[in-house]
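Structure assessment
Letter by letter, the chains look like this.
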Amino acid sequence: MFERIFSLVRTVILSALSFVASDLPHKNLPNQDWLDPKLAARYLVVSNMETVVTGSGSMIGPNLGISAAHVCDPNFPEIGMPGDWMVTAYDVNGSVSFAYPIVLDLDNDVCIFQSFPDSTHWLSLRADTKLAGVVYSYAYPLGVYSKGVALKFTGYFAGINEAENIAIYTMPATHGSSGAGIWVGEGELVGIVSRVTVG
């Protein structure tokens, strides 16, 4: 369906998210029943009542999610006022939650959003992206979303572009894939889709 292209993704900088990660309740849970990448994935519909934009995201805690800053505020990098854009998040089962950005990291194109009601599934954060190897992503390219359908993509870690501070992965992606979590193992988040090559 999609040709294999290089996806350029922003590395999730855990130091920038340490205030979020330090408070996540999964740090001390005895088991990992909450860890399910498919159920943590979100289809995001972002609207300002005139324009509708779609993207992808992932939950990283019961009521915290991550996406690309240009998904949470489509005017990126010229960010508007809080509340200009309303975010509606859908999981694979069709459950709806409402979200709003609480952190926009413009340099790294990262958005942390708060979502209600709480999710029962989310991804954990992984600090070491250089050992990623095979990676996966649940995304909603071109706004393709249907209840019960999960689009899973597989790719490979290609390296780090030190000049731009981005990790490069080979993975199918296009408009709407932005913000999708890139994970390894059972659901350890190593990055998000930020931009793709053209052509």
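First things first, this report covers the structure right here in the doc.

Criteria and cut-off values
Along each chain, residues carry numbers from 1 onward, in the same order as the chain's sequence is written. Only residues with pLDDT of at least 70 are given local features in this predicted model, and only at 80 or more are side-chain atom pairs given and counted; all residues enter the totals for whole chains, interfaces and linings. To get the side-chain values, take all heavy atoms of the structure and skip hydrogens and water. Defined by distance alone, a disulfide is two cysteine sulfur atoms within 2.5 Å. Numbering of helices and strands starts at the N terminus; helices are DSSP runs of H or I of at least 4 residues and strands are runs of E of at least 2. Whether a residue is buried, partly exposed or exposed follows from its accessible area with a 1.4 Å probe, protein chains only, as a fraction of its type maximum: under 20%, in between, or over 50%, in that order. The term nonpolar core refers to a set of buried residues drawn from Ala, Val, Leu, Ile, Met, Phe, Trp, Tyr and Cys, joined through side-chain atoms within 4.5 Å. Contacts: residue pairs with any heavy atoms within 4.5 Å of one another. Under this definition, polar contacts are N or O atom pairs within 3.5 Å; protein pairs additionally need one hydrogen-donor-capable and one acceptor-capable atom, and for neighbouring residues in sequence, both atoms have to be side-chain atoms. For patches, a residue must show more than 30% relative accessible area and have no salt bridge; joins then use 9 Å for like charges and 5 Å for nonpolar side chains, namely Val, Leu, Ile, Met, Phe, Trp and Tyr. Accessible areas in this description were obtained via Shrake-Rupley with a 1.4 Å probe; residue shielding takes into account the shown protein chains only. Every case where a carboxyl oxygen of Asp or Glu lies within 4 Å of a side-chain nitrogen of Lys or Arg is listed as a salt bridge. Only Phe, Tyr and Trp rings are paired, with Trp represented by its six-membered ring, and only when their centres lie within 6.5 Å; those with planes under 30 degrees apart are stacked, over 60 edge-to-face, the remainder tilted.

Moving on, we get to the state of the cysteines. A complete count under the given rule lists one disulfide for this structure. There is a disulfide in this structure between Cys 72 and Cys 111, and the S-S distance comes to 2.1 Å. On the S-S bond that ties Cys 72 to Cys 111, the torsion sits near -90°, and the link is left-handed. A residue pair is termed long-range when its members are at least 10 positions apart, and Cys 72 in helix α3 (residues 69-72) and Cys 111 in strand β7 (residues 110-116) qualify at 39 residues. You can call Cys 111 buried: its relative accessible area is 0%.

Moving on, we come to the nonpolar core. Ranked by size, the top nonpolar core spans 33 residues in total, and within it Leu 44, Ile 60, Ile 66, Ile 112, Phe 113 and Leu 189 carry the most contacts. No other element matches strand β2 (residues 41-47), which puts five residues into this core. Excluding residues within four positions of it along the chain, Leu 44 makes contact with Val 53, Thr 54, Gly 55, Ser 56, Gly 57, Ser 67, Val 71, Val 87, Thr 88, Ala 89 and Phe 113. Membership of the second largest hydrophobic core comes to 13 residues, among which are Val 135, Leu 151, Phe 153 and Val 190.

Another aspect to go through is the environment of Asp 91. Relative to the helices and strands, Asp 91 resides in the loop between β5 (86-90) and β6 (96-105). Taking C-alpha positions, Asp 91 is 9.9 Å from Met 59, a pair spaced 32 residues apart along the chain. The residues contacting Asp 91, other than those within four sequence positions of it, are Leu 39, Ala 41, Arg 42 and Tyr 145. Looking at Asp 91, its side chain comes within polar contact range of the main-chain nitrogen of Ser 95, at 2.9 Å.

Right, let's get into a nonpolar patch on the surface. Judged by side-chain polarity, Tyr 100, Ile 102 and Phe 116 come together as a nonpolar surface patch covering roughly 280 Å² of accessible area. Along the chain, the position of Phe 116 falls in strand β7. A relative accessible area of 39% means that Phe 116 is categorised as partly exposed.

A few words on the packing of aromatic side chains. Under the defined criterion, the tally for this structure stands at nine aromatic pairs. Both rings, one in Tyr 138 and one in Trp 183, keep their centres 6.1 Å apart while their planes meet at 15°; by these two values the pair is stacked. Here the residue Tyr 138 occupies a position in strand β9 (residues 134-138), and Trp 183 occupies one in strand β12 (residues 181-184), the gap between them amounting to 45 residues. Of the two residues examined, Tyr 138 and Trp 183, each falls in the buried class. Chaining the aromatic ring pairs together yields one cluster made of Tyr 43, Tyr 90, Tyr 140 and Tyr 145.

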